[in-house]
Amino acid sequence: MKFGRGLCILNVGGRRFSFSADLMKRLPLSRLSRLHRCVSESELLELCDDYDHDRNEYFFDRHSEAFSFIMLYLQHGKLRFVPHMCELSFYNEMIYWGLESADLQVCCQRRLDDRMSNCFVPFWPEEEVRDPEEPGSRWLERMRRTFEEPTSSLAAQILASVSMLFVLVSMVMLCASTLPDWKAAETLDQHRILEAVCIGWFTAECIIRFMLSQDKCEFVRRPLNIIDLLAITPYYISVTVTFLTGENSQLQRAGVTLRVLRIMRIFWVIKLARHFLGLQTLGLTLRRCYREMVMLLVFICVAMAIFSALAQLLEHGLDLEAGNQDYASIPAACWWVIISMTTVGYGDMYPVTVAGRVLGGLCVVSGIVLLALPITFIYHSFVQCYNELRVRSTRCPRSLSAEFIN
């Protein structure tokens, strides 16, 4: 490869763009970054359409004018749609080069959201599912889709409905087990029977899906499958401990760990993400907006450090004897900052001095502003994820949880 010397030429739709190797490495385009890391010509041809070794020129059969607008964005920091070009086509170019809708200007983001809401057009190449030639393999594939894709067939829908029913029953039993009247012996026996039936169903479902999966290692690494294990394992641990130590042993009476393990069954609620588009959209949005979420946490932490220190000084630090004891330390004042910035205001602690009240007003206003700043990016990402999942579910009658959540 000739990345180390001279210029790298990108030929996009017949238009040539020259870059130095260092500039290509710094460009925030995932395709060019991956291109720079290639060590063989076969890897290059997976990312570009052709390659001229002598001239160090890479050919891309893409829209040249769209790429020129992307280059303007990299130079000046503003990305807008190409005039007289379809928004969806330009969005396809953005995805190809490694950009997201959040990189667009706000006005262009609204245009893209409106266009995606009104059009059912896929923004990625759809792969055709080919049935295996062998009858046994075809039967295994049909079984796998029945358990993994709840909308692939009538049997899959029935199986998904039964699984959802067991999840709801488990949640009702978990909530009811905390009631004071739930301690009777007969009620406990009924609860244990229902709990064993639900756990048996979830265990059998998990084992069958594991046996039918094509890649066992990938199956274990999927988040939803990890959640299934976290929801099932505590039951078997508690049963094992009960069997080994006895029903009324000291470990059972003071078993805080066992109670924590039992309450972990609340993770079964997340299993509903396999069947509801809204939960899938939420998961995909959080996955794509982790930078914005981190930025939001940084904003809160910085504001918390500033306002908690000032609140402790104004309410307690200036008069150690007669000062407000609720603000005796900065960590204690952090709690007041959190409930003030989020406009919750429990009233358990509040400033009493004039300076402290002025500071509290500034804290509330700054909290509203800081929390609102990243919301725009998260909102547009949520709209984009929802439209993508809805379009795909409309065109392909199968579940999206395996592709977008796993």
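Above this text is the structure in question.
This text gives an overview of the structure that appears in the document. This is a predicted model, so every value here is computed, not measured.

Our next topic: the pairing of strand β4 (residues 57-60). Inspection of the sheet shows strand β1 (residues 7-12) paired to β4 by 4 bridges, in the parallel sense. Looking across to β4, one finds that L10 is bridged to Y58. The pairing of strand β3 (residues 50-52) with β4 spans 3 bridges and is antiparallel. From the neighbouring strand, Y51 faces β4, where its bridge partner is Y58. Here β3 folds back onto β4 in antiparallel fashion, the turn holding 4 residues, of which N56 has a positive phi close to 55°.

In total, this model carries 6 salt bridges according to the counting rule given. Note that E57 and R55 form a salt bridge whose closest N and O atoms lie 3.3 Å from each other. The salt bridge partner of E87 is R111, with a shortest N-O separation of 2.7 Å. Linking E87 in helix α5 (residues 87-97) with R111 in helix α6 (residues 106-118), this pair joins segments that are 24 residues apart in sequence. Of the residues examined, R111 reaches a relative accessible area of 38% and is grouped as partly exposed. Several salt bridges converge on common partners, so that one network encompasses R16, D52, R55 and E57.

Turning next to the environment of A311. Structurally, the position occupied by A311 is in helix α15 (residues 290-317). A311 gets classed as buried once you look at its relative accessible area, which sits at 2%. Counting along the chain gives 46 residues from A311 to R357, while the straight-line C-alpha distance between them is 9.3 Å. Residues in contact with A311, not counting those within four places in the same chain, are H316, Y327, A333, W336 and L359.

Adjacent strands of a sheet form backbone hydrogen bonds with each other and so pair up, either parallel or antiparallel. On the basis of which strands lie adjacent, the open sheet formed by 4 strands has the order β2-β1-β4-β3 and mixed pairing. The open sheet has two free edges, formed respectively by β2 (15-20) and β3, since each of these has just one partner strand. Geometrically, the sheet is characterised by an average inter-axis angle of 20° between neighbouring strands, direction not taken into account. Here β1 runs beside β2; their pairing, made up of 6 bridges, is antiparallel. When the sheet's bridge partners are listed, L7 is paired in β2 with S20.

The next thing to look at is helix α4 (residues 64-76). Its 13 residues give α4 an end-to-end C-alpha distance of 18 Å, which sits within 8% of 18 Å, the value for a rise of 1.5 Å per residue. Of all the residues in α4, the buried ones are A66, F67, S68, I70, M71 and Y73. As for α4, its buried residues are in contact with β1, β2 and α5. Looking at the residues trailing α4, positive phi occurs at G77, about 85°.

Now for the side chain of E57. Looking at where E57 falls in the secondary structure, it is placed in strand β4. Under the relative-accessibility criterion, E57 is labelled buried at 1%. When sequence neighbours within four positions are dropped, the list of residues in contact with E57 reads I9, N11, R16, D50, Y51 and D52.

Positive phi, normally seen in glycine, also occurs at N56, with a value near 55°. Within the secondary structure, N56 is located in the loop between β3 and β4. With phi around 55°, T343 is a residue other than glycine that occupies positive phi space. Along the chain, T343 falls in the loop between α16 (330-341) and α17 (354-372).

Further remarks concern the packing of α16 against α17. The geometry of α16 relative to α17 is characterised by a closest axis approach of 8 Å and an angle of 55° between their N-to-C directions. Viewed along their axes, α16 and α17 adopt a mutual orientation that is oblique. Relative to α17, α16 is oriented so that their crossing is right-handed. Across the interface between the two elements, W336, V337, S340 and M341 from α16 touch L359, G360, C363, V364, G367, I368, L370 and L371 from α17. Split by residue class, the contact of α16 with α17 holds 9 nonpolar, 3 polar and no charged.

In the structure shown here, the tally under the stated rule is 10 aromatic pairs. A centroid spacing of 5.1 Å and a plane angle of 90° characterise the contact between Y96 and W97, whose relative ring orientation is edge-to-face. Judged on exposure class, the residue Y96 and its partner W97 are both buried. An aromatic cluster of three or more residues is present, and its members are F17, F60, F67, Y96 and W97. The cationic tip of R62 hangs over the ring face of Y96; the distance from NZ or CZ to the ring centre is 4.0 Å. Here K216 stacks its cationic end above the ring of F210, 5.9 Å away from the centre of that ring.

Turning our eyes to something else, we now look at helix α8 (residues 154-176). The first and last C-alpha atoms of α8 sit 33 Å apart over 23 residues, in line with the 33 Å expected at 1.5 Å per residue. Among the residues of α8, A156, L159, A160, S163, F166, V167, S170, M171, M173, L174 and A176 are the ones counted as buried.

In this section: a nonpolar patch on the surface. On the surface, a nonpolar cluster with roughly 580 Å² of combined accessible area is contributed by F276, L279, L282, L286, M293, F382 and Y386. Elements supplying a minimum of two residues to the nonpolar patch: α14 (277-288) and α18 (375-395). With 3 residues, α14 is the largest single contributor of residues to the nonpolar patch. Here L282 lies in helix α14. For L282, a relative accessible area of 42% translates into the label partly exposed.

Thresholds applied
- Residues numbered from 1 in each chain as written.
- Predicted model: local features only at pLDDT ≥ 70, side-chain atom pairs only at ≥ 80, totals over all residues.
- Heavy atoms only, no water.
- Pairing = 2+ DSSP bridges.
- Helix = DSSP H or I, 4+ residues; strand = E, 2+ residues; numbered from the N terminus.
- Salt bridge = Lys/Arg side-chain N within 4 Å of Asp/Glu carboxyl O.
- Buried < 20%, exposed > 50% of the residue type's maximum accessible area, 1.4 Å probe, protein only.
- Contact = heavy atoms within 4.5 Å.
- Axes fitted to C-alpha atoms, helices over the stretch in contact; angles between N-to-C directions.
- Expected span 1.5 Å × (residues − 1).
- Parallel < 35°, antiparallel > 145°, perpendicular 65-115°, else oblique.
- Left-handed = near helix turned anticlockwise from the far one by under 90°.
- Nonpolar A, V, L, I, M, F, W, Y, C, P; charged D, E, K, R; others polar.
- Phe/Tyr/Trp six-rings, centres within 6.5 Å; stacked < 30°, edge-to-face > 60°.
- Lys NZ or Arg CZ within 6 Å of the ring centre and 35° of its normal.
- Patch = residues over 30% accessible without salt bridge, like charges linked within 9 Å, V, L, I, M, F, W, Y side chains within 5 Å.
- Areas by Shrake-Rupley, 256 points an atom, 1.4 Å probe, with all protein chains shown as cover.

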